Amino acid sequence: AVRKWVATGVLLLVLAVINMTFDYARIGAVLNERRKMFRETFKAVRFAFRHFARTCSLYLLVAIIGLVVFWLAARLRNSVTQTSLFAVVVAFLLGQVAMGSRMWTRLAIYAGEVDLYRRLSPQVEPASQQSQPVPEFAAAIEEPPAETL
């Protein structure tokens, strides 16, 4: 039984690290205005493992807090006997607290990861994307000449 729990824990940790790495890939792509996600994923793997203690502890700490709040709200919701309108409303509100805790957890993880990424990664100035019109579309983009009557 212990071996099964350990295997489950290791599997959850591996999935958390993979999810965290893809979070950092999305964050890097947005903050650095890049579109090559395959390359950004490798940069995120390098970032996450260079700062493994910080990135993993941030992710796991916020995720554990969120799971505890969700678990408590779900347990409270399940303990309410829905025999009256008031009890149904209380159970509904506790269910909404549980869902809110899931959303809070995801937003808190993203906010923490963005802040950590900005603090630990070198600031790269995004390439100026003053796009010039492609010649075949230039005529459609330019303003039409003023018509003289």
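Below you will find a few notes about this structure.

Glancing now at the overall build of the chain. When you go through the chain residue by residue, the secondary structure sums to five helices and zero strands. Tracing the chain from N to C terminus, the helices and strands come up as α-α-α-α-α. For the chain, the exposed surface amounts to about 11,600 Å²; the carbon and sulfur share of it is 67%.

With that settled, the discussion passes to the nonpolar core. By size, the foremost hydrophobic cluster in this structure holds 17 residues, and its most contacted members are Met-20, Tyr-24, Tyr-59, Ile-109 and Tyr-117. Residue assignment for this core shows that the elements contributing at least two residues are helix H1 (2-31), helix H2 (37-50), helix H3 (52-79) and helix H4 (85-120). Ranked by residues supplied to this core, first place goes to H1 with six residues. Discounting chain neighbours no more than four positions away, the residues touching Met-20 are Ala-48, Thr-55, Cys-56, Tyr-59 and Glu-113.

In the contact formed by H1 and H4, the axes pass within 10 Å of each other and the chain directions differ by 60 degrees. Comparing their axes, H4 and H1 come out oblique. Pair H1 / H4 crosses with right-handed handedness. For the pair formed by H1 and H4, the contact residues are Asn-19, Met-20, Asp-23, Tyr-24, Arg-26, Ile-27, Gly-28 and Leu-31 on the first element and Arg-106, Ile-109, Tyr-110, Glu-113, Val-114, Leu-116, Tyr-117 and Arg-118 on the second. Grouping the constituent residues of the contact of H1 with H4 by class yields nine nonpolar, two polar and five charged.

Attention now moves to the packing of aromatic side chains. Counting across every chain of the model gives five aromatic pairs. Each ring, one from Tyr-24 and one from Tyr-117, has its centre 6.4 Å from the other, and the planes form 25 degrees; the classification is stacked. Remark: Tyr-117 occurs in helix H4 and Tyr-24 occurs in helix H1; sequence separation between them is 93 residues. The class of Tyr-117 is buried, set by a relative accessible area of 9%. Positioned above the aromatic ring of Tyr-110, the side-chain terminus of Arg-106 is 4.4 Å from the ring centre.

All right, on to unusual backbone geometry then. Even without a glycine there, the phi angle at Glu-33 is positive, about 50 degrees. With respect to the helices and strands, the residue Glu-33 is situated in the loop between H1 and H2.

With respect to the helices and strands, the residue Asp-23 is situated in helix H1. Since its relative accessible area comes to 0%, Asp-23 is described here as buried. Those residues within four positions of Asp-23 in sequence are excluded, and the remaining contacts are Tyr-59, Arg-106, Ile-109, Tyr-110 and Glu-113.

Reading the values: rules and limits
Residues numbered from 1 in each chain as written. Predicted model: local features only at pLDDT ≥ 70, side-chain atom pairs only at ≥ 80, totals over all residues. Heavy atoms only, no water. Helix = DSSP H or I, 4+ residues; strand = E, 2+ residues; numbered from the N terminus. Areas by Shrake-Rupley, 256 points an atom, 1.4 Å probe, with all protein chains shown as cover. Core = buried A, V, L, I, M, F, W, Y, C linked by side-chain atoms within 4.5 Å. Buried < 20%, exposed > 50% of the residue type's maximum accessible area, 1.4 Å probe, protein only. Contact = heavy atoms within 4.5 Å. Axes fitted to C-alpha atoms, helices over the stretch in contact; angles between N-to-C directions. Parallel < 35°, antiparallel > 145°, perpendicular 65-115°, else oblique. Left-handed = near helix turned anticlockwise from the far one by under 90°. Nonpolar A, V, L, I, M, F, W, Y, C, P; charged D, E, K, R; others polar. Phe/Tyr/Trp six-rings, centres within 6.5 Å; stacked < 30°, edge-to-face > 60°. Lys NZ or Arg CZ within 6 Å of the ring centre and 35° of its normal.

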